[in-house]
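A structural walkthrough
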Amino acid sequence: MTLADPTSRFPSFYANPAIRLLATAARWTVSGRLSNDPEATNKAPIDVRHLLDGCNAGCQHIGPVRGAWDIGPDCLVTLAELSEGLPSAANTAFYVQAAVDGLMIIDIEPDCPQQISSHLLNLPGAVYIEQSMSGRGFHILAPLPANFHEYPTAANKKVLREEHGWYEILLDHWVTFTREPVNSSPVVADASKQRPRPPDFSTFEAVYASLAEAAAQTSAAAAVDIDTAVDIPHIIAGEQIIARVLDQTAGRFKTLDDFNGDTSRWEFSVLGTLYRQMLQYLLRYGGFHGVAYSTGDQAWLLYQAAQQVLPPRRKHHERRNGRPFLLDRAAAMIAAQQPDTD
């Protein structure tokens, strides 16, 4: 080992069983400044594969490094590769995919009230806790809750945010690790300031359920606002998009048994798998044809794809919000995936 060897500088991080579980996934990089502006403070995940392969002054990208444009081995590396290639890196960034990794991140923001921070940090079951880059927030790494698939709307979200923005659960998102672990009880609430009252959570499953239920209510309301035409609209390259999506998702769906026989939740999971795959083709064909697909168009495409995958049942003949049941569920899925505006 050398002084620059990160495993000797951050032994608790690299030896942590949960981190070692994530280490083999090629979704690691560092967060760095992409701009040449010395005043710039924003940091973003970089294309570390390009950097390690010989990024130099002759490269055409703007700024000293190129931003990560893919969450896979074309841009990212394993933790061992990152440690060997950039041993003096100031941080490590990882793209967590909770459903794949079996782990989720609870990100406590710097402005989270102390009573609530303390409560979350002392819940049982955390496998790793560290301070965030601000020095005032925290990252909690916890196992995927047993009730994860009970909330299909939430399971297909990238982030679940607490209503005040005090903390959030990262499910399909970047997290920048400082590698500075803290004790399981790093915050002691000030007895003279007992407002706001800590939430009544005793487990991370309860934390997840609270945010998941709120996400479901928000998405259901937002789905009504997605304007779907009464009849199937003409959608440029629509047939090609559907064909590509069906080809790429074949054999990748969860089974009805995964949802204890709950057909509605299983169908929504299938919609989520289809839509996640569809997003890349919406960008590809939209860019090629110079069009931007509206959420209404996306709902119709998802609806048509789902009809070719899901076995028909009586409920599919019902109507919700003035449209076919599955079209409304497609709209709900798309509403759930729209970025938050706060």
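Let me sum up the structure you'll find in this document. (Residues numbered from 1 in each chain as written. Predicted model: local features only at pLDDT ≥ 70, side-chain atom pairs only at ≥ 80, totals over all residues. Heavy atoms only, no water.)

A look at the overall build of the protein
When helices and strands are counted, the protein shows 13 helices and 12 strands. By sequence separation, contacts in the protein at least 24 residues apart represent 76% of the contacts at least 6 residues apart. Accessible area of the protein: about 17400 Å², with a carbon and sulfur share of 51%. (Helix = DSSP H or I, 4+ residues; strand = E, 2+ residues; numbered from the N terminus. Contact = heavy atoms within 4.5 Å. Areas by Shrake-Rupley, 256 points an atom, 1.4 Å probe, with all protein chains shown as cover.)

What about the pattern of salt bridges?
Per the counting criterion, the structure on display carries 9 salt bridges. Residue Arg265 is joined to Asp262 by a salt bridge in which the shortest nitrogen-to-oxygen separation is 3.2 Å. For Arg265, a relative accessible area of 15% puts it in the buried group. Using a relative accessible area of 30% as the deciding quantity, one classes Asp262 as partly exposed. Where Asp328 meets Arg323, a salt bridge forms, and the shortest distance between an N and an O atom there is 2.9 Å. (Salt bridge = Lys/Arg side-chain N within 4 Å of Asp/Glu carboxyl O. Buried < 20%, exposed > 50% of the residue type's maximum accessible area, 1.4 Å probe, protein only.)

What to know about the sheet that holds strand β6 (residues 128-131)
On the basis of which strands lie adjacent, the open sheet formed by 5 strands has the order β6-β7-β5-β9-β8 and antiparallel pairing. Edge strands, defined here as strands with exactly one partner in the open sheet, are β6 and β8 (159-161). Direction aside, the axes of adjacent strands within the sheet are offset by 20 degrees on average. Relative to strand β9 (residues 167-170), β8 is paired through 3 bridges, and the arrangement is antiparallel. Directly across from Leu160, in β9, lies its bridge partner Ile169. (Pairing = 2+ DSSP bridges. Axes fitted to C-alpha atoms, helices over the stretch in contact; angles between N-to-C directions.)

Overview of the pairing of strand β7 (residues 138-143)
In terms of burial, β7 is a largely internal element, 5 of the 6 residues being buried. When strand β5 (residues 103-108) meets β7, the two strands line up antiparallel, connected through 6 bridges. Note that in β7 the partner of Ile108 across the bridge is Phe138. Of the strand pairs in this sheet, β6 and β7 are connected by 4 bridges, and their pairing is antiparallel. By the bridge assignment for β7, Tyr128 is matched with Leu141. What sits between the antiparallel neighbours β6 and β7 is a turn of 6 residues, in which Gly135 has the positive phi angle 80 degrees.

Quick look at unusual backbone geometry
With a phi angle near 60 degrees, Ala237 is a residue other than glycine that sits in the positive phi range. Looking at the element boundaries, Ala237 is found in the loop between α9 (204-224) and α10 (238-249). The exposure class assigned to Ala237 is buried, which follows from its relative accessible area of 10%. In this structure, Asn321 is a non-glycine residue whose phi angle is positive, near 55 degrees. Checked against the element boundaries, Asn321 lands in the loop between β11 (319-320) and β12 (323-324). Given a relative accessible area of 49%, Asn321 falls into the partly exposed group.

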